[in-house]
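Letter by letter, the chains look like this.
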Amino acid sequence: MQGSTVNPPEVIVNSSVPPATAVSTDHAHEEHGDFRVLGLLTFLISESLMFGALFATYLILRGGAEVWPPEGTEVELFLPTINTIILVSSSFVIHMGDTAIKKNDVKGMRLWYAITAIMGAIFLGGQAYEYLTLGYGLTTNIFSNCFYMMTGFHGLHVFVGLLLILGVLWRSRRPGHYSNTKHTGIEMAEIYWHFVDIIWVILFTLLYIMTQF
């Protein structure tokens, strides 16, 4: 008696199920970039609250003082005004870089971002020079304490923004890393830089303009 042959079970392939579609790298990058922008905006909101607390504390202290700033802690306007012009102008410069990359002009973006980095470095240099020539320190009185804390905290944010811009320039060395369809990192650096500029305008008004009256 011959052994019967057992056929293996038939595998039924459902032809109605379409093959997996590969998700494009660019699309995945854009989705990831959107989440990064959301994270940046969340971070900036938290930083705004911190600066807001500093502003509120400063105004409360100013409102309770008979003389503000106290004698011996006068604030000069010339250098801070020059610094303000440089920093505010840099917002327009960095926006030119963002406009350039959206036209797929990587070289133009590099140029505008490099100029922005130089302007940011000049601002920090001017702030350091101001600290060295003020004639009063962090612990001289309550005004000087507020002054150094607020401008120093802002200076730290300018330094971080400068690092972001340099990071963009470094990554732009890779061919195709940034283009008119892939520029999330560039936009994030620009958004952060605008935030730094807005905070400085408020600080300049509180610490420099209002102390003249």
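Scoring rules and cut-offs
- Residues numbered from 1 in each chain as written.
- Predicted model: local features only at pLDDT ≥ 70, side-chain atom pairs only at ≥ 80, totals over all residues.
- Heavy atoms only, no water.
- UniProt positions renumbered as here; feature names shortened; annotations may be inferred.
- Core = buried A, V, L, I, M, F, W, Y, C linked by side-chain atoms within 4.5 Å.
- Buried < 20%, exposed > 50% of the residue type's maximum accessible area, 1.4 Å probe, protein only.
- Helix = DSSP H or I, 4+ residues; strand = E, 2+ residues; numbered from the N terminus.
- Contact = heavy atoms within 4.5 Å.
- Phe/Tyr/Trp six-rings, centres within 6.5 Å; stacked < 30°, edge-to-face > 60°.
- Axes fitted to C-alpha atoms, helices over the stretch in contact; angles between N-to-C directions.
- Parallel < 35°, antiparallel > 145°, perpendicular 65-115°, else oblique.
- Left-handed = near helix turned anticlockwise from the far one by under 90°.
- Nonpolar A, V, L, I, M, F, W, Y, C, P; charged D, E, K, R; others polar.
- Salt bridge = Lys/Arg side-chain N within 4 Å of Asp/Glu carboxyl O.

The name given to the protein chain in an unreviewed UniProt entry is Oxidase aa(3) subunit 3, with Microseira wollei NIES-4236 as the source organism. Taken from UniProt, the Sequence similarities (unreviewed entry) comment for the protein chain reads in full: "Belongs to the cytochrome c oxidase subunit 3 family." Looking at the Subcellular location (unreviewed entry) heading of the UniProt record, one finds this comment for the protein chain: "Cell membrane".

(A) Spatial organisation of the nonpolar core. In this structure, Y58, M109, Y113, F143, M150 and L207 are the most contacted members of the largest nonpolar core, which totals 45 residues. Broken down by secondary-structure element, the contributors of at least two residues to this core are α1 (25–63), α2 (78–102), α3 (106–133), α4 (142–171) and α5 (184–209). Of the residues forming this core, the biggest block, 14 residues, is contributed by α5. Not counting chain neighbours up to four residues away, the residues in contact with F143 comprise Y58, W68, P69, P70, T73, V75, Y136, L207 and T211.

(B) Structural context of the packing of aromatic side chains. This structure, assessed with the given rule, holds 15 aromatic pairs. Measuring from ring centre to ring centre gives 6.4 Å for Y136 and Y148, while their planes differ by 80°; the resulting arrangement is edge-to-face. Here Y136, found in the loop between α3 and α4, pairs with Y148, found in helix α4; they are 12 residues apart in sequence, far enough to count as distant. Residue Y148 is classed as buried on the basis of its relative accessible area of 14%. When the ring of Y192 is compared with that of F195, the centres are 6.5 Å apart and the planes differ by 50°; the resulting orientation is tilted. Of this pair, Y192 and F195 both sit in helix α5, three residues apart, which is roughly one turn of the helix. Taken together, the ring pairs in this structure connect Y58, W68, F123, Y131, Y136, F143, F147, Y148, W200, F204 and Y208 into an aromatic cluster.

(C) Highlighting the environment of T99. Considering the arrangement of structural elements, one finds T99 in helix α2. Separated by 88 residues in sequence, T99 and E187 place their C-alpha atoms 9.9 Å apart.

(D) Focus on the packing of α3 against α4. Put simply, α3 and α4 touch, their axes get as near as 10 Å, and they point 155° apart. Taken together, the axes of α3 and α4 lie roughly antiparallel to each other. In the packing of α3 onto α4, the handedness of the crossing is left-handed. Residue composition of the contact of α3 with α4, by class: 17 nonpolar, seven polar and two charged.

(E) Here's a closer look at the pattern of salt bridges. Taken as a whole, this structure holds two salt bridges when the rule is applied. Ionic pairing is found between K102 and D98, a salt bridge with its closest N-O pair at 3.1 Å. Note that K102 and D98 are positioned in helix α2 at a spacing of four residues, about one turn of the helix. The salt bridge involving K102 is made with E187; its shortest N-O contact spans 3.4 Å. Taken as a pair, K102 in helix α2 and E187 in helix α5 lie far apart in primary sequence, 85 residues in all.

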